[in-house]
Amino acid sequence: MNVDVVLGLQWGDEGKGKIVDYLAQRYPVIARFQGGPNAGHSLHFDGTSFVLHSVPAGIFRNNTMNIIGNGVVIDPVIFAEECRSLEALGIPVRDRLMISKKAHLILPTHRIIDAASEHSKGASRIGSTLKGISPAYMDKTGRNGIRVGDIIAHDFRDRFLALKSKHIVFLRQFDYAYDADQGEENWLGAIEYMKRFPLIDAEYYLADCLRENKRVLAEGAQGTLLDIDFGSYPYVTSSSTTCAGACTGLGFPPTRVGRVYGIFKAYCTRVGSGPFPTELHDKTGEMLREQGKEFGATTGRPRRTGWLDLVALKYAVTLNGVTDLIMMKADVLDAFDTVKIATSYIIDGKEIGCVPFDTHTPITPVYREFRGWGKNLSAIRKEEELPYQLMAYIRFIEEATGVPVKIISLGPDREQTIIRD
Ligand code: IMP
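Residues numbered from 1 in each chain as written. Predicted model: local features only at pLDDT ≥ 70, side-chain atom pairs only at ≥ 80, totals over all residues. Heavy atoms only, no water.

Side note on the overall build of the chain
When helices and strands are tallied, the chain shows twelve helices and 20 strands. In terms of overall size, the chain behaves like a compact globule, its C-alpha atoms giving a radius of gyration of 21 Å where 421 residues would be expected to give roughly 22 Å. Seen along its three principal axes, the alpha-carbon backbone of the chain occupies a region of about 65 × 50 × 40 Å. Long-range contacts, defined as pairs at least 24 residues apart, comprise 77% of the intrachain contacts of the chain with a sequence gap of at least 6. Looking at the chain, you have 50 positive and 51 negative side-chain charges, and the mean spots of the two groups are 2 Å apart. (Helix = DSSP H or I, 4+ residues; strand = E, 2+ residues; numbered from the N terminus. Rg over C-alpha atoms; globule rule 2.2 N^0.38 Å. Contact = heavy atoms within 4.5 Å. Lys, Arg positive; Asp, Glu negative; His and termini not counted. Charge placed at Lys NZ, Arg CZ, Asp CG, Glu CD.)

So, the nonpolar core
Met 327, Leu 333 and Tyr 393 are the most contacted members of the largest nonpolar core, which has 59 residues in total. In this structure Tyr 393 touches Ala 266, Leu 308, Met 327, Leu 333, Val 339, Lys 340, Ile 341 and Phe 370, once residues within four positions along its chain are discounted. Listed in part, the 50 residues of the second largest apolar core include Leu 43, Phe 79, Leu 199 and Met 328. (Core = buried A, V, L, I, M, F, W, Y, C linked by side-chain atoms within 4.5 Å. Buried < 20%, exposed > 50% of the residue type's maximum accessible area, 1.4 Å probe, protein only.)

Re the site of the ligand
Around the ligand lies a shell of 16 residues, among which Asp 13, Asn 38, Thr 129, Thr 237 and Arg 301 are the nearest. Taken by itself the ligand offers 470 Å² of open surface, and the protein chains cover 97% of this. (Near = heavy atom within 4 Å. Areas by Shrake-Rupley, 256 points an atom, 1.4 Å probe, with all protein chains shown as cover.)

Description of the sheet that holds strand β10 (residues 216-219)
If you walk across this open sheet you meet the ten strands as β9-β7-β5-β2-β10-β1-β11-β15-β19-β20, and the pairing is mixed. If you trace the sheet from one side to the other, it starts and ends with β9 (199-200) and β20 (417-419), each paired once. Bridging between strand β5 (residues 65-68) and strand β7 (residues 97-100) involves three bridges; their strand directions are parallel. In the sheet register, Ile 67 faces β7, and the bridge partner there is Met 98. Across the sheet, helix α8 (residues 202-211) touches β1 (3-8), β2 (29-32), β5, β7, β9 and β10, and the angle it forms with β5 is around 145°. (Pairing = 2+ DSSP bridges. Axes fitted to C-alpha atoms, helices over the stretch in contact; angles between N-to-C directions.)

Let's talk about the side chain of His 53
Within the element layout of this structure, His 53 appears in the loop between β4 (48-52) and β5. Within the structure, His 53 has its side chain in polar contact with the backbone oxygen of Ala 39 (distance 2.7 Å). For His 53, the residues in contact, after removing those within four places along its chain, are Arg 32, Gly 36, Pro 37, Ala 39, Gly 40, Ile 78, Glu 82, Ala 297 and Thr 298. (Polar contact = N/O pair within 3.5 Å; in protein donor to acceptor, adjacent residues only side chain to side chain.)

Quick word on the packing of helix α6 (residues 156-170) against helix α7 (residues 184-194)
Helix-helix packing is characterised by the crossing angle of the two axes and by the distance between the axes. Across the interface, α6 lies against α7 with an axial gap of 13 Å and an inter-helix angle of 140°. Between α6 and α7, the crossing angle belongs to the class labelled oblique. For α6 against α7, the interelement crossing comes out right-handed. Touching Phe 156, Arg 157, Phe 160, Leu 161 and Lys 164 of α6 are Glu 184, Glu 185, Trp 187, Leu 188 and Ile 191, all from α7. (Parallel < 35°, antiparallel > 145°, perpendicular 65-115°, else oblique. Left-handed = near helix turned anticlockwise from the far one by under 90°.)

Structural notes on helix α12 (residues 388-401)
The terminal C-alpha atoms of α12, which comprises 14 residues, lie 20 Å apart, in line with the 20 Å expected from a rise of 1.5 Å per residue. Every buried residue of α12 is accounted for by Gln 389, Leu 390, Met 391, Tyr 393, Ile 394, Phe 396, Ile 397, Glu 398 and Thr 401. Gly 402 sits one or two positions beyond α12 and adopts a positive phi of about 75°. (Expected span 1.5 Å × (residues − 1).)

Comments concerning the environment of Phe 252
Locating Phe 252 in the fold gives a position in the loop between α9 (243-250) and β11 (257-265). With a relative accessible area of 5%, Phe 252 lands in the buried category. Discounting chain neighbours no more than four positions away, the residues touching Phe 252 are Val 3, Ala 246, Cys 247 and Val 257.

Below you can see the structure in the form of structure tokens.
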């Protein structure tokens, strides 16, 4: 058995939560491979909504084991709050969730460094979620980090204080007021709570699952265009959001990658700073934001909106080796007479079909226009009932990427999902 991977092909917020929750019924094991509480995976079912930040989206399913992999960074306070809310809903979280000992911890001072660093950048700030993600990954790669497995060490508190001291020295370079002790008691309390979860060597656990022919789904966060290597650097997150990140973030070999589910919205959104070639600054952009309820699940920030960018989508499909495309929020385009897809870029007067290295280069997208379908899609449950204009839109994407669109999502609810054979 192989590990199937589900990940975002744009700048995050594609709707991974809904799809992982949907796919979870077919997988006894769901494992999150990167990112941290910067993510906000929204789920809607039985008339309720829930936003997950660190916990994999299989947590609502009976008989599904969820794993937080080594590639993830965990803020114990956010983790504990999330798990307690799930427990309040009657979800037996501790029976359904295990954490890799090799996942790294986000300290309260990581969040301060994140804020101080963003503040110092002024107008060129990244637009970080300020959850301490980048400083935590800096400590990981700088070999200073504290891992989940360390929380049971007898000298854990000393290690914590030693890293906190390093952070205080680091913070001297910034002109930024802070209280280094703020949130510390809470954080240490949350560490005690974390000890109640099974802390495991997840790479061994997953190897056993594969040997026993158990199906495993690797769950990504953010999106390919925010990848630390291939995203619009430096306007990216600090982890590997691509398929390769699933291997390093969970500890299974590339030869065991099975299907790669690439999720994209029928249009584009982005939160935070950075290039967005098809961004719309007009009424159409506002309409996309309103129809699509495009406000951040983690920060509440309004998302930037624009037409689907096929140049970027093809890049993401190639980088990840996507086998199945999943198109989200097609219903958001219901109200538009015309919908557009960017098929190439004009840069310095030349038409190109690839994502340029220089993120500051002015780009003019070349669009292909499609007729809108003038119909409310949200109640449609069968592929045959989809309007031919939408099918033309989908076929164009399939031909350009060479990958079939296997799932079409027409609303936030589990039921509003069309599976294509
Ligand atoms: P950070 O990962 O919080 O440092 O944020 C870096 C960039 O990634 C910022 O532009 C964020 O808005 C963006 N980002 C981080 N996580 C997410 C996410 O889950 N969805 C969408 N954008 C995200």
